[in-house]
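Spelled out, the chains give:
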Amino acid sequence: MDITIIAETQGDNLHPVTSQLVGAATSLGASPTVLCAGGAGADAAAGIAGVGKVLSVVGDCFSTFDGGAWATALDAAAGAGVIIGAASAQGRDVVARIAARRGIPVVQDVVAISQGLTMTHPIYSGKAMQEVTVGGDCAVTLRSNTFPPAGDGGSAESATVQQSGDVKIAVQEAIAKASARLDVSDADIIISGGRGMGNPDNFEHLYALSEKLGAAVGASRAAVDTWDEIPHSMQVGQTGKTVNPSLYIAVGISGAIQHLAGMRTSKYIVAINKDPEAPIFKVADYGIVSTWEEALPILGDEIAKIL
Amino acid sequence: MVEIAVLLKQVPDTNAKIVVVNGRVDESAIASWVTSPYDEYAFEAALQHTEAAGGSVTAITLGPERADKVLKDAAALGVTKLVRIWQDEWQDLDSTQVQSALANAVKAAGAELVYCGKQSADRNQGSTGPGIAEILGAACVTEVSDSYSAGSYLRPTASGSEKVTVSSPAVVTFTKTQHELRRPNVRGIMMAKRAQIEVVGGDVNASQVNFNGHSSPAQKPAGKTYQGSDSVPEVVGLLRDEAKVL
Ligand SMILES: Cc1cc2nc3c(=O)[nH]c(=O)nc-3n(C[C@H](O)[C@H](O)[C@H](O)COP(=O)(O)OP(=O)(O)OC[C@H]3O[C@@H](n4cnc5c(N)ncnc54)[C@H](O)[C@@H]3O)c2cc1C
Ligand SMILES: Nc1ncnc2c1ncn2[C@@H]1O[C@H](COP(=O)(O)O)[C@@H](O)[C@H]1O
C-alpha cells in the first residue's frame, strides 16, 4: 500500500507525533513517503525508522498557514494511495482539503487502523466509537499518543520539490500569549483547575507545580467562564480542547460529562476533590478525596523528592 | 452587503447518554436535540456581520425532519432564508457526500461567506468546513475564536493568536467566541412559527465508505480512591512505579 505522511511540524522542527504516524504506516506494511511542508523537520524525518523517502515541499506559500494553499502544494507533491496526517488543527484542515481535491473520503481522529483499511474513531466526544472500512484511496488523521512511535536509526533518502499555492489568508497582527507557558495540546502532563480553586490567583499553585513537572495547566469551563484571568485557550472539554496526555491531574473539577469529553482518554487520571461523590472519581485511576489546599503542598514536596 | 450561509447541525444534547443497541447508536433514546455548540457561535457571528454590513443570512442544515428545529431557532432570531437538505440514509453519508450536499446548498444561496463549527458534537470530524472550501474554490480560516467583521478574524497559533483577513469567497470555522449568544424574544418565537423551510435533495454520489458499526468505548478498569491528603505520597509513588508516568 502506498502511504504518504504529512509531517506535523512545530515551527521549523518536527513534532514528535510524526514518529507515531510513521509507526502506524509501517504497521500496515508500508514504507511511507513523508512530506515536510516548507522543508521543516526534513532531516529529523529522514532519521525515523521505516520511512521510505522524505520530500521537502518548499514554496512561498509556506511562510504562513493557509490550509488551502498548503493543500494545493502538498497534494501536487503527494502520490496516489493513502494520505496520513495528525489530527491537529492544521493536520485536519490540510488533510480534509487534500481529500476534497481528490474526491476521496477523509476519516479524522482515528484511534485504530488495520489492513483493509478498517478504522475506528470516536464519535459523540468519545461516548461511542465508529468503525468504517474504506476500500480505495482515502485520507486519514490519527489521534496523537495513540499509536506506538517508530524508532530512530532510519536513513531515508531526501529530495526537495518546489510547489506553489494561492495564499488567501493575510496575517495582520500576531498576538503573543500572555505567558510562554506550554499549551495543553502539546503537553504530556496536564494539571487542570476548576471552580473548586476558589479564585484565579490560586492557579499560581498549579503553575508552580507545572513548572516542576514540565506540565501544561488547563481549566474547566466553569473556571474559564468565571474568571477573566483564565483564558479560553486553557479550557479542556467539549467546547475546549481535546487532550490525550500520559497524565491528567484534575484539581477542584467535578467531572461534568462535557469536561470528561475532552480528557477521558488520558492514559492516567488523578483527581483531587473534596467531595467523595464527585463524578470525576469515576474516571480517575487515582482519586484523592481532599481539599487542594491540603493536598497540593504535599504533592509539590513529593514530586520534588523524586524528580 | 454580505451574504453569509451558516451551517447548523442538529446533535444530541451534550448531556445525553449515548447508548449502542445492535451495533448502532440508539437515536430513539435521545430525548433532547440541540444545535451543535460551535455552530451557535458561527451563527452569532453571521448575525453580527450582516447587521453591521447589510446583507442576509441563510441557515442550512442537513438532516431529518426533526432538524427543522435548528432552523426554526434561527428564524426566531430573524433569519428568513432556511434550507434543509434531506437525503435518505443521511446518517451514513461519508465526508465527501456531506460536503457536496452542503456546498450545493451554499451555491444555491449565493453566499460568499460560509460560517460553520470547528467540529460537530456528534461526528467530531472538523472536515466539513475545509472540504466545502475546497469544493467552492474558497479560502478557509479554521478554529476562529473571535471575529471583528466579515473577513476579519482571530485564530490561534502555536505562540498565541493572530488577526487575519481573508477575501471572499471564504469558509470560516468557529470555536467558542467571547460573544454572548442571543436568545429570541416573544415576537421572534411567533415569527419562527410561520417561517417557511425550503427542503431540497442532497443529490450526492455513492458512498465510498462502508459503515461497520458503532460500539461503546472500552471501559477503563475502576480506579482507586484514597481518603485525605495523607495519601498523596502513596499516589505519587504509584504514579512513578505502577503507572510510570513520573
Ligand atoms: C454545551 C456545553 C459545553 C460545555 N463545555 C465544557 C468544556 O469544554 N469544558 C468544561 O470543563 N465544561 C464544559 N461545560 C460545563 C460543564 O457542564 C460544567 O459546568 C463544568 O465542567 C464545571 O466545572 P467545574 O468542575 O470546574 O465546576 P463545578 O462543577 O462547580 O465543580 C467544582 C468542584 O470543585 C470541588 N471543590 C470545591 N472546593 C474544593 C477544594 N477546596 N478542594 C478540592 N475540591 C474542591 C467541588 O467538590 C466540585 O466537585 C459545558 C457545558 C455545556 C452545556
Ligand atoms: N449535517 C449537517 N448539517 C449542517 N451543518 C453541518 C452538517 N455536518 C457538518 N456541518 C457543519 O460542519 C461543521 C463541522 O462538522 P464535522 O466536519 O462533522 O465535524 C459543523 O459544526 C457544522 O457547522
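The structure presented is a predicted model; accordingly, all values stated were derived computationally and were not measured.

This part takes up the overall build of chain B. Along chain B, the regular secondary structure elements total 6 helices and 16 strands. Principal-axis analysis of the C-alpha atoms gives chain B an extent of 65 × 45 × 40 Å. Considering chain B as a whole, with its 246 residues, one finds that 53% of them fall into the buried category. Looking at chain B as shown, the accessible area adds up to about 11000 Å², and 50% of this sits on carbon and sulfur atoms. Counting 23 positive and 28 negative side-chain charges, chain B places the centres of these two groups 3 Å from one another.

Another aspect to go through is the overall build of chain A. The secondary structure content of chain A amounts to 9 helices and 18 strands. Relative to its length of 307 residues, chain A is compact, with a C-alpha radius of gyration of 21 Å against a globular reference of 19 Å. In terms of overall dimensions, chain A has a C-alpha envelope of 60 × 45 × 35 Å along the principal axes. For chain A, the residues scored as buried account for 58% of the 307 residues in total. When the accessible surface of chain A is totalled, it reaches about 11600 Å², and 47% of it is carbon and sulfur. Looking at charge distribution, chain A has the averaged site of its 19 positive side-chain charges lying 5 Å from that of its 31 negative ones.

This next bit is on the side chain of Lys118(B). Position of Lys118(B) relative to the elements: it lies in the loop between β8 (113-117) and α4 (128-136). Comment: no salt bridge for buried Lys118(B); closest opposite-charge side chain is Glu143(B), at 4.2 Å.

The description of two aromatic rings rests on the distance between their centres and on the angle between their planes. Counted according to the given criterion, the structure contains 7 aromatic pairs over all chains. On the numbers, 4.9 Å between centres and 75° between planes, the contact of Phe65(A) with Trp70(A) is edge-to-face. Each member of the pair Phe65(A) and Trp70(A) is classed as buried. Seen from their ring centres, Tyr153(B) and Phe174(B) are 6.5 Å apart, and the 85° between their planes marks the pair as edge-to-face. Within this pair, whereas Tyr153(B) is found in strand β11 (residues 152-157), its partner Phe174(B) is found in strand β13 (residues 170-174), the two being separated by 21 residues in sequence. Like Tyr153(B), the residue Phe174(B) is buried in the burial classification. Among the aromatic residues, those joined into a cluster by ring pairs are Phe62(A), Phe65(A) and Trp70(A). One Lys or Arg, Arg181(A), reaches over the ring of Tyr207(A) and ends 3.5 Å from the middle of that ring.

Another aspect to go through is the site of ligand 2. Residues and elements named next belong to chain B. The immediate surroundings of ligand 2 are formed by 19 residues, with Leu7, Asp39, Ser120, Gly126 and Thr128 found nearest. In this structure, Asp39 approaches ligand 2 through a side-chain N or O atom, which is 2.5 Å from an oxygen atom. At a separation of 3.0 Å, an oxygen atom of ligand 2 approaches a polar backbone atom of Ser127. A total of 480 Å² of accessible area belongs to ligand 2 in isolation, and the protein chains cover 98% of it. Elements with a minimum of two residues in the shell around ligand 2: β6 (55-62), α3 (95-109) and β8.

We now examine α3(B). All names here are of chain B. Taking 1.5 Å per residue, 15 residues should reach 21 Å; α3 reaches 21 Å between its end C-alpha atoms and fits that length. Among the residues of α3, those classed as buried are Ser95, Gln97, Val98, Gln99, Ala101, Leu102, Ala103, Ala105 and Val106. Gly110 sits one or two residues past α3 and shows a positive phi near 70°.

What follows covers the confidence of the model for chain B. On average, residues of chain B score 96 in pLDDT, and 100% of them reach the 70 mark or higher. Across the whole predicted complex the pTM is 0.95, and at the interface the ipTM reaches 0.95.

In the vicinity of ligand 1 there are 26 residues, among which Ser220(A), Thr239(A), Ser254(A), Gln258(A) and Asn273(A) approach most closely. With respect to ligand 1, the chains having nearby residues are chains A and B. Contact distances for ligand 1 include 2.5 Å between an oxygen atom and a side-chain N or O atom of Ser220(A). Backbone polar atom of Arg221(A) to an oxygen atom of ligand 1: 2.9 Å apart, as the coordinates give it. Burial of ligand 1 by the protein amounts to 78% of the accessible area it has alone, namely 1000 Å². Elements supplying a minimum of two residues to the shell around ligand 1: α6 (221-226), α7 (257-263) and α9 (292-306) of chain A. Class assignment for the residues of the shell around ligand 1 results in 5 nonpolar, 16 polar and 5 charged.

One frequent convention defines the size of an interface as the accessible area lost when the parts assemble. Chain A puts 73 residues into the contact, and the matching count from chain B is 78 residues. For the pairing of chain A and chain B, the buried interface totals around 6500 Å² over both sides, and the portion due to carbon and sulfur atoms is 53%. The largest per-residue losses of area from chain A upon contact with chain B belong to Arg97(A), Tyr124(A) and Tyr286(A), which jointly make up 12% of the total buried on that side. Connecting chain A to chain B are 5 salt bridges. In this structure, Glu134(B) and Arg101(A) form a salt bridge, with 2.9 Å as the shortest nitrogen-oxygen distance. Our count for the contact surface shared by chain A and chain B stands at 44 residue pairs in polar contact (both at pLDDT 80 or more). In terms of residue count, the dominant contributor to the side of chain A that touches chain B is strand β13 (residues 169-176) of chain A (8 residues).

Let us now look at a negative patch on the surface. Taken together, the side chains of Asp201(A), Glu204(A), Glu211(A), Asp228(A) and Glu229(A) make up a negatively charged region of the molecular surface. Its location among the elements puts Glu229(A) in the loop between α6 and β16 (247-251).

This brings us to the pattern of salt bridges. In this structure the tally under the stated criterion is 22 salt bridges over all chains. Salt-bridge contacts for Asp225(A) lead to Lys176(B); the nearest nitrogen and oxygen are separated by 2.8 Å. Note that Asp225(A) is positioned in helix α6 and Lys176(B) in the loop between β13 and α5 (186-194), a pairing that runs across two chains. We classify Asp225(A) as partly exposed; its relative accessible area is 44%. Judged by its relative accessible area of 9%, Lys176(B) falls in the buried class. Between Asp68(B) and Arg84(B) there is a salt bridge, and its shortest N-O distance comes to 2.7 Å. In this pair, Asp68(B) is assigned in helix α2 (residues 68-75) and Arg84(B) in strand β7 (residues 81-86), connecting sequence segments 16 residues apart. By relative accessible area, Asp68(B) is classed as buried at 18%. Classification of Arg84(B) as buried rests on a relative accessible area of 6%. Residues joined in a network through salt bridges with shared partners are Asp75(A), Arg97(A), Arg101(A), Arg102(A) and Glu134(B).

Rules and cut-offs
Residues numbered from 1 in each chain as written. Chains lettered and ligands numbered in written order. Predicted model: local features only at pLDDT ≥ 70, side-chain atom pairs only at ≥ 80, totals over all residues. Heavy atoms only, no water. Helix = DSSP H or I, 4+ residues; strand = E, 2+ residues; numbered from the N terminus. Buried < 20%, exposed > 50% of the residue type's maximum accessible area, 1.4 Å probe, protein only. Areas by Shrake-Rupley, 256 points an atom, 1.4 Å probe, with all protein chains shown as cover. Lys, Arg positive; Asp, Glu negative; His and termini not counted. Charge placed at Lys NZ, Arg CZ, Asp CG, Glu CD. Rg over C-alpha atoms; globule rule 2.2 N^0.38 Å. Salt bridge = Lys/Arg side-chain N within 4 Å of Asp/Glu carboxyl O. Phe/Tyr/Trp six-rings, centres within 6.5 Å; stacked < 30°, edge-to-face > 60°. Lys NZ or Arg CZ within 6 Å of the ring centre and 35° of its normal. Near = heavy atom within 4 Å. Polar contact = N/O pair within 3.5 Å; in protein donor to acceptor, adjacent residues only side chain to side chain. Expected span 1.5 Å × (residues − 1). pLDDT = per-residue confidence, 0-100. Nonpolar A, V, L, I, M, F, W, Y, C, P; charged D, E, K, R; others polar. Contact = heavy atoms within 4.5 Å. Buried area = accessible area lost by both parts, 1.4 Å probe. Patch = residues over 30% accessible without salt bridge, like charges linked within 9 Å, V, L, I, M, F, W, Y side chains within 5 Å.

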